[in-house]
Amino acid sequence: PLCRTCRAMATTSRSAAPMANVRRWTTSSGAGYALAIGMLVVSAGLALKAWPLVTKTVLAQSVAGLGAQVVQQIDLVFDSAARTLADVDASPYADCSPRDLRLLRSASVQSKYVKDVGRLSGTDLLCTTMLGMLPRPFSPKRQPFRLTDAMSAFWTVPLLSSPDTLGLVVAGRRANLLMDLDAFRVLPPSGLHY
């Protein structure tokens, strides 16, 4: 038979030993570092595995958004060109007369995307707002491609005013427009260029 004090000491020493081991493990710096490193390795592995999917998804959304903006800008530019051509094709004045040239200049200034307006007779260019009356009618060397019933285009043709420069010319029934190529530019969303 143990005395009360001996029994109390024996009970305390048996229950304290396992608690001391638990406390030692939870406060051990080596165990804490091992746990932190393990969590970092697992997190990094999951992030690296998911990265290609996340990258592809974000890139696809950005490119799709940019594509939609480009199509919208093209529609905007060609709608403006169609309106300008309709206005100058309806001119009641004689081709390249002072009043007709004034109307062409007014259309050129009012249109956001046009650099020059010319008057046509069939497919021949007679005059433009920049060059005035041409010494002889200019016949295009290429065939245009048809955009609509009332519009056709010459893509990347040398310009009369600057033969080293290529441009887009949109032709209507009685007039043509030298388009500003920057009109089709759409800035990519931030980060997409990277």
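Residues numbered from 1 in each chain as written. Predicted model: local features only at pLDDT ≥ 70, side-chain atom pairs only at ≥ 80, totals over all residues. Heavy atoms only, no water.

Colleague: Quick one: what's the story with the state of the cysteines, residue by residue and with numbers?
Modeller: Scanning all chains against the criterion turns up one disulfide. Each sulfur of the disulfide joining Cys-96 and Cys-127 lies 2.0 Å from the other. Sign of the S-S torsion, about -95° for the bond between Cys-96 and Cys-127, identifies this disulfide as left-handed. Pair noted here: Cys-96 is in the loop between helix 2 (29-89) and helix 3 (98-110) and Cys-127 is in strand 2 (residues 124-128), with a separation of 31 residues, a long-range link. The class of Cys-96 is buried, set by a relative accessible area of 10%. For Cys-127, a relative accessible area of 0% puts it in the buried group. (Disulfide = S-S within 2.5 Å. Helix = DSSP H or I, 4+ residues; strand = E, 2+ residues; numbered from the N terminus. Buried < 20%, exposed > 50% of the residue type's maximum accessible area, 1.4 Å probe, protein only.)

Colleague: Can you lay out the sheet that holds strand 6 (residues 166-171) for me, pointing to particular residues and giving the numbers?
Modeller: Sheet strands pair via backbone hydrogen bonds, and the direction of the pair is either parallel or antiparallel. Strand order in this open sheet of seven strands is 3-2-1-7-6-5-4, and the pairing throughout is antiparallel. Each of the sheet's edge strands pairs with one partner strand only, and the pair in question is strand 3 (132-138) and strand 4 (145-146). Here four bridges tie strand 1 (residues 114-121) to strand 2, and the two strands are oriented antiparallel to one another. Within strand 2, the position partnered with Leu-120 by the bridge is Leu-125. Here helix 3 sits on the sheet and contacts strand 1 and strand 2; the angle it forms with strand 1, its principal contact strand, is near 145°. (Pairing = 2+ DSSP bridges. Contact = heavy atoms within 4.5 Å. Axes fitted to C-alpha atoms, helices over the stretch in contact; angles between N-to-C directions.)

Colleague: I'd like a rundown of the pairing of strand 7 (residues 175-179), residues and numbers included.
Modeller: Of all five residues that make up strand 7, five are buried, and the element is covered over most of its length. Burial of strand 7 is two-sided: the residues Ala-175, Leu-177 and Met-179 facing one way and the residues Asn-176 and Leu-178 facing the other way are all buried. Pairing between strand 1 and strand 7: five bridges, direction antiparallel. If you follow Val-114 over to strand 7, its bridge partner there is Met-179. What sits between strand 6 and strand 7 in their antiparallel hairpin is a turn of three residues.

Colleague: With reference to specific residues and values, describe helix 3.
Modeller: Its 13 residues place the ends of helix 3 18 Å apart at the C-alpha level, agreeing with the 18 Å of an ideal helix rising 1.5 Å per residue. Every buried residue belonging to helix 3 is among Asp-100, Leu-101, Leu-104, Ala-107 and Ser-108, and all of these are buried. The buried residues of helix 3 occupy an angular sector of 120° when the element is viewed end-on, so they sit on one face. Relative to its buried face, helix 3 has exposed residues pointing more than 90 degrees away, namely Pro-98, Arg-99, Arg-102, Val-109 and Gln-110. (Expected span 1.5 Å × (residues − 1). Arc of directions from axis to C-beta.)

Colleague: Talk me through the pairing of strand 1; I want residue IDs and the actual numbers.
Modeller: With respect to burial, strand 1 is a largely interior element, six of its eight residues being buried. Where strand 1 hands over to strand 2, the hairpin turn is made up of two residues, of which Gly-122 adopts a positive phi near 70°.

Colleague: I'd like a rundown of the pattern of salt bridges, residues and numbers included.
Modeller: All chains considered together, the criterion is met by four salt bridges. The partner of Arg-119 in a salt bridge is Asp-95, with the nearest N and O atoms 3.9 Å apart. A residue pair is termed long-range when its members are at least 10 positions apart, and Arg-119 in strand 1 and Asp-95 in the loop between helix 2 and helix 3 qualify at 24 residues. Exposure remark for Arg-119: the relative accessible area of 0% places this residue in the buried category. Of the charged contacts in the structure, one is a salt bridge between Arg-185 and Asp-182, with a shortest N-O distance of 3.2 Å. Residue Asp-182 is classed as partly exposed on the basis of its relative accessible area of 47%. Taken together, the shared-partner salt bridges connect Asp-95, Asp-100, Arg-119 and Arg-174 into one network. (Salt bridge = Lys/Arg side-chain N within 4 Å of Asp/Glu carboxyl O.)

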